Amino acid sequence: MDFKPTLNLPDPDFTIPMKADLSQREPGIQTRWDEIGIYGLLLERRKDASSFVLHDGPPYTNGPIHMGTGFNKILKDFVLKSRLLMGHRVPYVPGYDNHGLPIEQAVMKKFSDQKITPTTVQLRKACREHAKVYVDLQTEQFRRLGIFGLWDKPYTTMDFRFEAEIIRVFKRLVELGYVYRGLRPTLWSPTAQTALADTEIVYQDVTSKAITVRFALRDAKGVPLLSRLQNVYALIWTTTPWTIPANLALAFHPDNDYDVVKVGDDHYILVHQLVDSVAQRVGWSHYETVGSFKGVEAEGLTFRHPIFDRDSVGVLADYVTTEDGTGVVHTAPGHGRDDFYTGLKYGLPVLCPVDERGYLTAEAGEFVGVYYKKCDSIVVDRLAELGHLVFSEDYPHSYPHAERDNQPVIFRATEQWFIHIDHNNLRERMLEMIDQKVQWHPKSAEGRFRSMISGRPDWCISRQRPWGVGIPVFYGADSRVPNLDPVAIEAVARLVEQEGSDAWYEREPGDILPKGYAHPQTGETSFVKETDVFDVWFDSGSTSLCVLEGNVEPEWKEHWPADTYLEGSDQHRGWFNVSMILGMAIHGDAPYGAVVTHGFVNDEKGQKMSKRLGNVVDPVEVCSKYGADILRYWAASVDYEDDVPCGDHLLQVAGEGYRRIRNSLRFLLGNLYDFDPNDKVEVAGIDQWIVEKADCLAEVCLEHYRDYRFKEALTAVHNFCVNEVSAFYLDAIKDRMYCDGADWPSRRSAQRACWSVLRTLTLLICPILPHTAEEVYSRMPGTKEATVLLESLGPVECVMDSHLHRQVEKMLEVRSWVFSEFETWKSSSQVRDSQDVVCQLAVSQDEAPALLSFGGDLALLFKMAGVEVTVGSRSVEFRAATWDKCERSRLRRPDVAKTRFSGEEVFLTDRDRRALSL
RNA sequence: GGGCCUAUAGCUCAGUUGGUUAGAGCGCACCCCUGAUAAGGGUGAGGUCACUAGUUCGAAUCUAGUUAGGCCCA
């Protein structure tokens, strides 16, 4: 006799399919989201709710997305969708970073492959097109990951109005007095007469003249050892003799020991570790160390420049090594980055007596007009003549050359635009914000960021590149005096707003400035334009202002500062830093309330992904192989605060975890095909218990989401599905669900619980698995919103110590012990199915009432034919049940009796007879 | 070389202010079910908490150092 038709079995067509088939199904769900205009709909429906603003850090648009950018956007989407779940209005304007060197170089390569030398304007237009291609591609790819946002109107830093707003940010800084012009060493090609970027440099082996030079001590300050001695010199070693005329300081390492070595009548200062090797090199036959002092004492010593009548001062720097040279470093602030910052620290001028063609200037005194390379002989000869050349040698080493013409480059101080970090106490105010206002996740980010702000130099915002926003400064045509008049800057902003930053290159100053405009300082009426562009970090540092203030696009307007920034940990020095500077300078506030940082994506062994190793995982491919929800499941399962592992195996593991949750949802939903959530149903016993457990889960998860702890939220949901729902509750209600009468209160109670638990779980997974949540939601019975994302999960109250909970927990504890004992018993028994076994259980006086409260249901809860409870010291015995088996419910129960049904003799329990109306 | 971070079961992760036998899920082994079935249930094995030294009655946890890895800087 087949009783199947008489049972209320789950309906496989009603619920979601077991096979997720996400790569096929997700695009359909996304199309539906597009059709209902989900992003706009969500904003509209929450227009009166409090806004949560996550301001997007713009990825660079020179290629498709990769796992790093994908991971970042997914984490952002977790934040966004979880805030949505909490009932917030959640705007999100994704952004793209377009200007800068990588695109310029990619485009230049295309030109040079065709042997074309583009004009600046041609190059810029090609860069714009290149960037546009990847803005569109990345948008499509991010959308495939299930990221919600204003994809129809993302911000792009090359947008005309955006470029204009960047210019206005500059204008505001000028008005507030943060902008100044100063010198800074740049890599410079004398042959091409242009500044170069680090990436345009190749190193080549050359042989240079390396010289060891002595600097006479002029003032020993407070170092007694040196005061006592006559003829004291510091020894330096350099491979660039042409920078000797620019020498202003000698750098010592504060922790090194410096020896004073007597050679003939002279005393030489050099680092202890190198005394012997220097002696050998310069050929001292007799030398003795007469004393030594710590490097830190050298600070403030003054030496005489070996050629000119001026001082060279003792300074401290921790980049000084004991590897080569003498341990005393020749320092020319105009000709080296280290030298420059050391000079800055000691208030030295940035002396750069070399012009753009590589010839020494009048500042180089007697060497004026000499090409810098010639100094290898001229300067060296002069040093020898004055007796300060200790040694000269040919020295093979690798030296930077320009990639384009293969000619050597030099460090040369050039005029640049800066933002003053200490103006108006900016630095101090930033540090205060870091400590007092901004929340850092993880906590350690604070210290890291703090040390970067407290130690950072002024920000050089100018670059000698073609692809960027032109710095809107007019110079007097004759005087070359820069004009920082806000009126002139605003005129540029207006132009750029209309025609883009390209127009800065295309238009003449007279076309841009108001008629009859005169230089405020010089009165000149003819001008030349600045050719430098803004550092791209200036673009991205401005984004919170450009986007959230709504000047570029009214639709973007939200409260400033943003609530949260979420980026990779490399952005401490990058975007978090520049955003802070501009936000603080302009609005006196940090641009973010919270900063969340994440690590980088590696392969499964923790190695960097690289084409060479063949371990690259592509997020878009993952979507078509496994599905976006699997990728998102993976992203939620790893510890983003550290670097995260990713690979095929981990994605499969994620898939297994996903399927586990999916199946729980599937089964819960499968039992609801004939359920109407509007019906009044009394929920009691374990049904009530599981609903309350789910509420507690919700409370815990919402807290995790609030604290950006996605992994904890996902783990909690997963474990709930496994332990509470699957291993216990669903097993326990199957009999009622299948065999009770369809509309009996006992069954409706379980259905109500399933519905409630399902709703809670569906909403809880929504931030991480939005496609799956939508799929489940769309099949749930009852009146619903157009999308699961319109639902919210308010604050839930969770009482865990109720009488009911204590009873269930006790029962589960005993149950688990009985299961363990049963395993031992069954290994030596013929009967192996617990449903064929009666257990006789003795428990303590305290435990018994909890078990007895479940009455006859205890057998169902224990999946046994019967459970007999007595009071005593805890023990259990099993025996085979002798009762007949009900052919409908498959239960062995005392009340199973032979009954006539559909013309057949069958065994049925009382309950099943009633369910069949017999 | 400097600043910051990380190291716990085969895998992904928990381990609160130092305190019983270091937990979860996955995977694995064995068993059960066959009315969640390319599902579901039960039981179990599995860890020198990177290494070394120290503080302590007691250390995965605190301190110092070492090793390996990461980000940023030099």
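Here is what the cut-offs are and how they apply
- Residues numbered from 1 in each chain as written.
- Chains lettered and ligands numbered in written order.
- Predicted model: local features only at pLDDT ≥ 70, side-chain atom pairs only at ≥ 80, totals over all residues.
- Heavy atoms only, no water.
- Salt bridge = Lys/Arg side-chain N within 4 Å of Asp/Glu carboxyl O.
- Helix = DSSP H or I, 4+ residues; strand = E, 2+ residues; numbered from the N terminus.
- Buried < 20%, exposed > 50% of the residue type's maximum accessible area, 1.4 Å probe, protein only.
- Pairing = 2+ DSSP bridges.
- Near = heavy atom within 4 Å.
- Polar contact = N/O pair within 3.5 Å; in protein donor to acceptor, adjacent residues only side chain to side chain.
- Phe/Tyr/Trp six-rings, centres within 6.5 Å; stacked < 30°, edge-to-face > 60°.
- Lys NZ or Arg CZ within 6 Å of the ring centre and 35° of its normal.
- Contact = heavy atoms within 4.5 Å.
- Axes fitted to C-alpha atoms, helices over the stretch in contact; angles between N-to-C directions.
- Parallel < 35°, antiparallel > 145°, perpendicular 65-115°, else oblique.
- Nonpolar A, V, L, I, M, F, W, Y, C, P; charged D, E, K, R; others polar.

### Observations regarding the pattern of salt bridges
Oppositely charged side chains may form a pair once their charged atoms are brought near each other. Within this structure, the stated rule accounts for 73 salt bridges. For K693, the salt bridge identified is with E809, shortest N-O distance 3.6 Å. Taken together, the residues K693 in helix α22 (residues 685–706) and E809 in helix α26 (residues 803–827) connect sequence positions 116 residues apart. For R913, the salt bridge identified is with D910, shortest N-O distance 2.2 Å. In this pair, R913 and D910 both sit in helix α29 (residues 910–915), three residues apart, roughly one turn of the helix. In this structure D910 comes out as partly exposed when scored by relative accessible area, which is 38%. Overlapping salt bridges, with partners in common, bring together R124, K125, R128, E163, D502 and E506 in one network.

### A look at the pairing of strand β31 (residues 904–908)
Alignment of strand β30 (residues 897–901) against β31, held across five bridges, turns out to be antiparallel. Each bridged residue has a counterpart across the sheet, and for R900 the counterpart in β31 is E905. Between the antiparallel neighbours β30 and β31 lie two residues, among them S902 with a positive phi of about 50°.

### Comments concerning the protein's contact with RNA strand B
In the region of RNA strand B, 48 residues are neighbours, and K608, D643, R666, K711 and K863 sit closest. Within 4 Å of the protein, atoms of RNA strand B come from sugar and phosphate in 82% of cases. Within the contact set of RNA strand B, a sugar or linking oxygen lies 3.5 Å away from a side-chain nitrogen or oxygen of E656. K863 places a polar side-chain atom, nitrogen or oxygen, 2.6 Å from a sugar or linking oxygen of RNA strand B. Elements represented by at least two residues in the surface near RNA strand B include exactly α12 (444–455), α21 (648–670), α23 (710–739) and α26.

### Description of the packing of aromatic side chains
In the structure shown here, the tally under the stated rule is 38 aromatic pairs. Ring centres 6.3 Å apart and planes at 20° place the aromatic pair F252 and F303 in the stacked group. Here the residue F252 occupies a position in strand β7 (residues 249–252), and F303 occupies one in strand β11 (residues 302–304), the gap between them amounting to 51 residues. By relative accessible area, which is 0% here, F303 ends up buried. Through a chain of ring-to-ring contacts, the aromatic side chains of W440, F449, Y565, W575, F576 and Y592 assemble into a single cluster. Above the plane of the ring of F142 lies K73, whose end atom (NZ or CZ) is 4.5 Å from the centre. Taking the ring centre of W188 as reference, the NZ or CZ of R412 above it sits at 4.6 Å.

### Structural notes on the sheet that holds strand β4 (residues 194–196)
With antiparallel pairing, the four strands of this open sheet are ordered in space as β4-β3-β15-β17. Bordering the open sheet on either side are β4 and β17 (459–460), each of which pairs with just one other strand. Note: strand β15 (residues 410–419) against β17, two bridges, orientation antiparallel. Residue F418 lies in a different strand from β17, and its bridge partner there is C460. Each of β3 (179–189) and β15 is contacted by helix α9 (residues 337–345), which is oriented at about 155° to β3, the strand it contacts most.

### Digging into unusual backbone geometry
Note the cis peptide between H441 and P442, where omega equals -5°. Mapped onto the elements of the fold, P442 is located in the loop between β16 (439–441) and α12. The linkage connecting W560 with the following residue, P561, adopts the cis geometry, with an omega of 0°. Position of P561 relative to the elements: it lies in the loop between α17 (543–548) and β23 (562–568). Within the chain, Y708 stands out as a residue other than glycine whose phi angle is a positive 60°. Within the secondary structure layout, Y708 lies in the loop between α22 and α23. On the accessibility criterion, Y708 (5% relative accessible area) is buried.

### Some remarks on the packing of α22 against α26
Two elements in contact, α22 and α26, have axes separated by 10 Å at closest approach and are oriented at 100°. On the basis of their axis angle, the class for α22 and α26 is roughly perpendicular. Two secondary-structure elements touch here, α22 through G685, I686, Q688, W689, E692 and K693 and α26 through L804, H805, V808, E809 and L812. Residues of the contact of α22 with α26, tallied by class, amount to five nonpolar, three polar and three charged.

Nothing here speaks to function; it is geometry throughout.
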